[in-house]
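Fold and contact review
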Amino acid sequence: MLNYDLVVVGGGPAGMAAALKAKECGVNSIIILERAETLGGILEQCIHTGFGLHYFNEELSGPEYAYRFIDLVEQNEIEVKTDTMVLGISADNVVTATNNQEGIISIAAKAIVLAMGCRERPRGSLNIAGTRAAGIMTAGTAQKYVNIDGYLPGKKVVILGSGDIGLIMARRMTLEGAEVKMVLELMPYSGGLTRNIVQCLEDYNIPLKLSCTVIDIHGRERLEGVTIAKVDRNRRPIKGTEEYVACDTLLLSVGLIPENELSAAMGIEIDPVTGGPIVGENRETTHKGVFACGNVLHVHDLVDYVTIESQIAGEGAANYILALEEEAIYVTTKGIDGVRYVVPQRININSDKDVKLYFRVGQTYKNAKIFLENNEEIILSRRRPKLAPGEMEDITIKSEVLRELPVNSELIVRVEV
Amino acid sequence: MRFDVAIIGAGVVGSLIARELSQFNIDVVLLEKCNDMAMGTTKANSAIVHAGFDSVPGSLKAITNVEGVKLMPALCKDLAVPYKNIGSLVLAFNDSQMAHLTKLLIRGNKNGVPKLRIIGQDKLRELEPNVNINALGALWAPTASIVCPYELNIAAVENAVSNGVKFIRNFEVKSIKKQSDGAYMLSSGKDKLQAKYIINCAGVFSDTVAAMVGDDNVEYKIIPRKGEYFLFDKTANGLVNTVVFQCPTKMGKGVLIAPTVHGNVIVGPNAIDIEDKEDCSTTIQGGIEIMTKARRSISTLSPKEMITAFGGLRAHTEGDDFIIEKSKKNNNIIHVVGIESPGLSAAPAIANMVKMMLLSITGELEEKNGFDPVRPAPVRFKDLSDSERRELVKKNKAYGRVVCRCETITEGEILDAIHAPAGALDVDGIKRRTRAGMGRCQGGFCGSKVVGILSRELDIPLDEVTKFGKESKVLLKKTK
């Protein structure tokens, strides 16, 4: 049995930022466990730019952004085991992992940071009718084939879902010589960032068809085409709008799901909306000493925000290890009237820090107002010219306001036009 | 190439027959038109060992089903195939359905199904706490079981090959000609081979194969009957404990909900007669029909936990019974036609029956020295204790590297699948043998790793790796 103060599960941007922050706060015995061959997580295959604009005030590629942290992990002599898969975590924080050098490893930890990231929704969960031909894959899988393996999955492409990876891959496949025929989006708005719609679709004349979906898949061996259709307000295909589109590749970018199998197995409470753990302002889960950050907590649109959130988790874990935590008296948070979720889901009013609440809306809004309320009293409100489900929003509550909140009361975030 | 026996079709029936025949000192070839075994009806069905009360007493279906139930546990043990005896229920929601249960009970008793009984609401709730409150009672068949059909199929071929059977893939029999010496010449158009005896186990194509030797009997005509299914995530595990049927209709046993041996939940099938013998596509209407009907049994079934859908074809005949007989025109040919449900349950008995039928043609055959009915159990890293895992990784480091994170499948297991007798040659072959890609991400993460391992181990470029053979290539070409 190995012993560490802090075990970080996942060496992507979240895990690295959390480990570095914990180190900075005075924790010396730290290990990062990463299932891939290298640190960096999904950034390694994101060779496009657009990373770091908020955090570094620079435009970096994914690997460049990752490398800044990999470099710091090395400089700070934080231990890392790559190619190492965590199999389980016991209730008393013993992490069991495996790799092909040491076999099964058991590590007792004082605190744990969960930073496993997320996965893409596959075809099966959408239940698209049709054949089981080759040539249907998630956008992220295609991204790995193109950017890491150096192989093109196909030459005539339809993309279902306008999530950011789908938009990025529309451009990437085009640059590699494939014909991207269209991007289809079930909803009447895109789930991706505006800048990606402009830079990845509009700049390449790739049509974005809103309120459209794939209703049938054709081809026995390799994909030959898809039938697309417009959908009504209830997202049901409209009869008579069916259209056949010949293609050899269908990429899916229809949502990301936080990977919380480990968290759920250890009894951590999961928020049904985010799919991630319920956490406090320090990103501590409902399991003492276990923290979560990054896309395992909720899906972010920008890695910059992942870094900031993970630093909070790293500091939280350090405070726990160094026994600096304040006694916890919680208020809970909740999104209503168009606000789908709020992270963190609870706040220790003794934490003595301003707390940023992150949230997402369920539809697009123009000239909307965000309200933060407690016991039907408005604490603060902010005007936003534009709100979209694809863009994460935040609102900050001051520590002096927090301290005055009644114990066990509810902080409500809502949107009003 | 000259063989004593050619078996056409490496589905579960053909493969179990091949295994039965591998105990004799004869040359047997198992021919498969796809890139792997278990590519037809065997890979897409309910994965149930039926108790045997559905079929008409005295029918071949009834006889082989009840016999198959008896043979299945020992067979699965020999072949190291997951099998669980969990029992089945047929639910009744009104008085006329309750009366129908009595008919099924009488039928089952005539067929020799043991321990059948009709239970009331209390016992039903005890067995299935989540069952719809409107269910009045059920027929309880404790002998029904679940099994993994394609693993049974794969294991049978592996064992047959280990015992000397030759397995040839991508050999679609296009013509069969009788030669002057009495043997048959089977041709795929590209390749040819000869065999003295032929066993036709071609599933939905068994009528086509029979017609090649002049047996174009109308009763052989296969009407492909499509059934669609949904598979649910392991998070749905516990929704049902037994195989939950509804009262059967003339199209079949109706929509069932059952656990799988791997801890998922399977829901389906519907039943639609179609023309196309290769149309396994799923449909929007089919999906709605299945979910609507399934909710009658378990109203809390949620589409959120669905991880995939698939379709399969039943080899239905007008006569609604299995046809297992010697060709009327050719002494040395046996046809196995119309093996639809309960074909999987009956398969071990059918294999025995066909063996006896062949022996009646050939006369006594010499037994093979060293025949071993046991297929070594594949490593299942996930099911091992930590100390067993530790030992395993010490012996072979590849077992320490997890490739499929959802199902915890290691590189060692994938290498075993490729290098096994009749090993995997494509991505779906790896999936069926190891479960890599079967989980909730459906190969999103491990798919590209599996493609890489196949390319390395089979020594082919990445862009020649296929999903399931022929033109089902995963990648087009190298990037610029």
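Here, the structure is the one placed above.
Residues numbered from 1 in each chain as written. Chains lettered and ligands numbered in written order. Predicted model: local features only at pLDDT ≥ 70, side-chain atom pairs only at ≥ 80, totals over all residues. Heavy atoms only, no water.

1. Points about the overall build of chain A
- Each helix and strand in chain A was counted, giving nine helices and 28 strands.
- Against the compact-globule benchmark of 22 Å for 417 residues, chain A has a radius of gyration of 22 Å, which places it among compact chains.
- Dimensions of chain A along its principal axes, counting C-alpha atoms only, are 65 × 60 × 40 Å.
- Looking at chain A as a whole, 60% of its 417 residues are labelled buried.
- Taking all contacts inside chain A whose residues are at least 6 apart in sequence as the whole, residues at least 24 apart take part in 62%.
- Counting every atom, chain A has about 16500 Å² of accessible surface; 47% of that belongs to carbon and sulfur. (Helix = DSSP H or I, 4+ residues; strand = E, 2+ residues; numbered from the N terminus. Rg over C-alpha atoms; globule rule 2.2 N^0.38 Å. Buried < 20%, exposed > 50% of the residue type's maximum accessible area, 1.4 Å probe, protein only. Contact = heavy atoms within 4.5 Å. Areas by Shrake-Rupley, 256 points an atom, 1.4 Å probe, with all protein chains shown as cover.)

2. Comments concerning the pattern of salt bridges
Residue and element names in this part refer to chain B.
- Considering all chains together, one arrives at 52 salt bridges over all chains under this definition.
- A salt bridge links Asp 279 to Lys 226; its shortest N-O distance comes to 3.5 Å. Highlighted residues: Asp 279 in the loop between strand 17 (272–273) and helix 7 (284–297) and Lys 226 in strand 13 (residues 222–232), separated in sequence by 53 residues.
- For Asp 279, a relative accessible area of 18% corresponds to the buried category.
- On the basis of relative accessible area, Lys 226 is assigned to the buried category, the value being 6%.
- A salt bridge links Lys 467 to Asp 428; the shortest N-O distance between them is 3.4 Å. (Salt bridge = Lys/Arg side-chain N within 4 Å of Asp/Glu carboxyl O.)

3. Examining the sheet that holds strand 16 (residues 225–230) of chain A
All names here are of chain A.
- Read from one edge to the other, the open sheet built from three strands follows the order 15-16-17, with strand pairing classed as antiparallel. Each of the sheet's edge strands pairs with one partner strand only, and the pair in question is strand 15 (212–218) and strand 17 (243–246). The sheet shows a mean angle of 35 degrees between the axes of neighbouring strands, taken without regard to direction.
- In this sheet, strand 16 lies alongside strand 15 in antiparallel orientation, the contact comprising six bridges. Pairing of Val 214 across the sheet is with Ile 228, part of strand 16. (Pairing = 2+ DSSP bridges. Axes fitted to C-alpha atoms, helices over the stretch in contact; angles between N-to-C directions.)

4. A short note on the interface of chain A and chain B
- Across the contact, 47 residues belong to chain A and 47 residues belong to chain B.
- Buried surface at the junction of chain A and chain B, both sides included, amounts to about 4200 Å², of which 56% is carbon and sulfur.
- For the pair chain A and chain B, the number of links is four salt bridges.
- Measuring nitrogen to oxygen at the nearest pair gives 2.6 Å for the salt bridge that ties Arg 401 of chain B to Asp 83 of chain A.
- The interface formed by chain A and chain B contains 19 residue pairs in polar contact (both at pLDDT 80 or more).
- The set of elements that each furnish at least two residues to the side of chain A that touches chain B consists of strand 6 (85–89), strand 7 (94–99), strand 8 (103–114), strand 9 (118–120), helix 3 (123–126), strand 10 (136–138), helix 4 (139–149) and strand 11 (151–152) of chain A.
- Ranked by residue count, the leading element in the side of chain A that touches chain B is helix 4 of chain A, at five residues.
- Here the side of chain A that touches chain B is built from residues that sort into 17 nonpolar, 17 polar and 13 charged.
- As paired elements, strand 11 of chain A and strand 23 (residues 477–478) of chain B share two bridges and run antiparallel to each other. In the strand pairing of strand 23 of chain B, Leu 152 of chain A is matched with Lys 477 of chain B. (Buried area = accessible area lost by both parts, 1.4 Å probe. Polar contact = N/O pair within 3.5 Å; in protein donor to acceptor, adjacent residues only side chain to side chain. Nonpolar A, V, L, I, M, F, W, Y, C, P; charged D, E, K, R; others polar.)

5. A short note on the nonpolar core
- The biggest cluster of nonpolar side chains holds 82 residues, and the ones touching the most others in it are Ile 7, Ile 17, Leu 21, Ile 199 and Val 336 of chain B.
- Two domains each donate at least three residues to this core, and these are domain 1 (2–41 + 150–221 + 320–362) and domain 2 (85–145 + 222–317) of chain B.
- Sequence-distant contacts of Ile 199 of chain B, defined by excluding residues within four places in its chain, comprise Val 5, Ala 6, Ile 7, Ile 8, Ile 17, Leu 21, Ile 334, Val 336 and Val 354 of chain B.
- Counting residues in each nonpolar core, the second largest holds 43 residues, with Tyr 145, Val 157 and Leu 201 of chain A together with Val 450 of chain B among its members. (Core = buried A, V, L, I, M, F, W, Y, C linked by side-chain atoms within 4.5 Å. Domains from an automatic or database assignment.)

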